[in-house]
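The residues making up each chain are set out below.
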Amino acid sequence: MTDLVSQYQRLKEEIDTSISAVLNNASFINGQQVAQFSEELAHYMDVKHVIPCANGTDALQIAFMALDLPKGSEVITPGFSYAAVAEVCHLLGLKPVFADVDLNTFNILPKEIERLITDKTSAIVPVHLFGQAADMDAITQIAKKHKLKLIEDNAQSIGAFCQVNGQKKMTGTIGDIGTLSFFPSKNLGCYGDGGALCTNDDLLADKIRMIANHGQKRKYHHEIIGVNSRLDTIQAAVLSVKLKHLNSFIEERRNVANQYSSALNQVDGISIPTPALHSTHVYHQYTLLLDEDINRELVMSKLKSEGIPSMVYYPMPIYKQEAYKQHIRIKNSEELCSRVLSLPMGTDMDQEQIEHIITTLIETIRHK
Ligand SMILES: *Cc1c(COP(=O)(O)O)cnc(C)c1O
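About the thresholds
- Residues numbered from 1 in each chain as written.
- Predicted model: local features only at pLDDT ≥ 70, side-chain atom pairs only at ≥ 80, totals over all residues.
- Heavy atoms only, no water.
- Pairing = 2+ DSSP bridges.
- Helix = DSSP H or I, 4+ residues; strand = E, 2+ residues; numbered from the N terminus.
- Axes fitted to C-alpha atoms, helices over the stretch in contact; angles between N-to-C directions.
- Salt bridge = Lys/Arg side-chain N within 4 Å of Asp/Glu carboxyl O.
- Buried < 20%, exposed > 50% of the residue type's maximum accessible area, 1.4 Å probe, protein only.
- Phe/Tyr/Trp six-rings, centres within 6.5 Å; stacked < 30°, edge-to-face > 60°.

Q: Would you explain the sheet that holds strand S5 (residues 149–153) in this entry?
A: Think of a sheet as strands paired side by side through backbone hydrogen bonds, with each pair either parallel or antiparallel. Taken in spatial order, the 7 strands make up an open sheet running S1-S9-S8-S5-S4-S2-S3, and their pairing is mixed. Strands at the two margins of the open sheet, each flanked by one partner only, are strand S1 (49–53) and strand S3 (95–99). Strand-to-strand, the axes of this sheet are offset by a mean angle of 25°, without reference to chain direction. The sheet contact formed by S5 and strand S8 (residues 177–181) spans 3 bridges and is parallel.

Laid out in C-alpha cells, this is it:
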C-alpha cells in the first residue's frame with residue numbers, strides 16, 4: 001500500500017552513506033548511531049527519554065513490565081485495533097478489556113473507558129489509530145482520577161499533535177509511557193524491525209533500559225527479569241536519515257488525504273470521516289466508510305483489477321479473534337470492521353496515480 005522503493009530511490013545517497021558508516025566499522029549492535037538516533041528522536045518529540053528496542057510489540061511488553069502491572073489485573077484498550085496490545089496482555093497474565101471506539105475518529109471513547117473501570121483495572125492503553133490522537137485530554141483526566149497507568153500505543157501516529165490540558169503535545173509523550181514501531185510501512189519506518197519507548201520519567205526510563213537489556217545495568221549483573229530487545233545500528237542509521245524528512249513525509253501524506261477527501265466527499269455510498277478537533281492527522285492510513293449496501297469485496301477486487309491495492313484495517317474486532325476470544329459485542333467496533341476501507345497512502349505518490357485511484361473508486365461505487 002505504500003511505495004517504499006520510490007522513497008528509497010529519492011533518499012538513496014543519504015541512506016547509503018549512513019549505512020556504509022555502520023558497515024565500515026562493523027558496529028552492528030549498540031553502535032553510536034543508536035544513541036544518536038534516540039537523542040534526535042527525543043528532541044523531535046520533545047520528550048526526555050527515548051529508549052530504542054526491537055519492535056513496537058516489544059515496546060508494549062517492556063512498558064507493561066516496567067510499570068509492574070499486577071498479574072490478573074485489567075487493561076482497558078480499544079476493541080477496534082491491531083492485536084499487539086491484547087497479545088502482550090495475555091503474555092504477561094493481564095486481561096485486556098475492550099472498549100468501543102468513535103465512528104468518526106476510530107479512536108477509543110473516553111466514556112466507554114470510564115464505564116469499564118473496576119477495582120481490578122490497572123492501566124489504560126489508548127491506540128492512536130491511523131494517524132490521529134485519541135482524546136487524551138479526557139483520557140489523562142480519567143487515568144488521574146482512578147490512579148491508573150497510561151500507556152499510549154503510538155505505533156501509527158508519530159508526529160501528530162494533540163490538545164491536552166490547554167497545551168499542544170506530541171502523541172506518545174503524554175502518558176506514563178508512549179510506544180513506537182518503526183516497521184517499514186509505518187510513517188517513520190526502517191529497513192527491518194524497530195521500536196522505541198518514550199517517557200518523561202527518569203526512574204521509569206532507567207528501568208525500561210534495564211528491562212530491554214536482560215534486566216542489567218552492568219554486564220553480567222541481572223537485577224530484574226528482562227528481555228533482549230535492541231534496535232540494531234543499521235536500522236538506527238536509516239532512521240536518523242528518515243527522521244530529518246519525517247515532517248515532509250507527513251505533508252506528502254496530508255496532500256494525498258486532502259485530495260481523496262475533497263474528491264470523495266460528495267460521493268453517494270461513501271462516508272469520509274470528519275477528523276478530530278483535538279488532534280492533527282498524520283495519515284498513517286486513509287480510511288473511509290462504505291455504506292452497508294455496498295459489497296466491499298467487489299469494490300476491492302475492481303480496484304485490484306485496475307492495479308490499485310486497498311486494505312481492510314481491521315476485518316475483525318480483537319475479541320472475535322480465536323486467540324483472544326471474549327463473548328462480548330461492542331457496536332461501533334463491529335460496524336467499522338464491516339464498513340472500513342483503506343486507500344493507498346504514502347510518500348512519493350504521483351498526481352496521475354492519485355487521480356486514477358479517485359476516478360476508479362468513484363466509477364466502481366456508481367456501478368456497484
Ligand atoms: C504496527 C503496530 C504495532 C506493532 O509494531 P511491530 O513493530 O510490528 O511489533 C503495535 N500497535 C499498533 C497499533 C501497530 O500499528
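Q: Which parts of the structure should I look at to understand the pattern of salt bridges?
A: Pairing is possible between side chains of opposite charge, provided their charged atoms come close. Throughout the structure, instances matching the rule amount to 12 salt bridges. For Arg10, the salt bridge goes to Asp348, with nearest N and O atoms at 2.8 Å. Separated by 338 residues along the polypeptide, Arg10 in helix H1 (residues 4–25) and Asp348 in the loop between strand S12 (340–343) and helix H11 (351–366) bring together distant segments of the chain. The residue Lys48 makes a salt bridge to Asp202 at a minimum N-O spacing of 3.1 Å. A residue pair is termed long-range when its members are at least 10 positions apart, and Lys48 in the loop between helix H2 (32–45) and S1 and Asp202 in helix H7 (residues 202–212) qualify at 154 residues. Look at Asp202 and you get partly exposed, because its relative accessible area is 39%. Here the salt bridges share partners, and the residues they tie into one network are Arg10, Glu252 and Asp348.

Q: Honestly, the packing of aromatic side chains in this entry has me stumped. Any pointers?
A: Where two aromatic rings form a pair, the distance of their centres and the angle of their planes describe that pair. Using the criterion set out here, one finds 12 aromatic pairs in the structure. Ring geometry for Phe80 versus Phe130: centroids 6.3 Å apart, planes at 90°, classification edge-to-face. Taken as a pair, Phe80 in the loop between strand S2 (74–78) and helix H4 (84–91) and Phe130 in the loop between strand S4 (121–124) and helix H6 (136–145) lie far apart in primary sequence, 50 residues in all. Taking the relative accessible area as the measure of exposure, Phe80 reaches 1% and is therefore buried. Taking relative accessible area as the criterion, Phe130 reaches 2% and is therefore assigned buried. Both rings, one in Phe98 and one in Tyr319, keep their centres 6.2 Å apart while their planes meet at 45°; by these two values the pair is tilted. Of the two residues, Phe98 sits in strand S3 while Tyr319 sits in the loop between helix H9 (296–305) and helix H10 (331–339), which places them 221 residues apart along the sequence.

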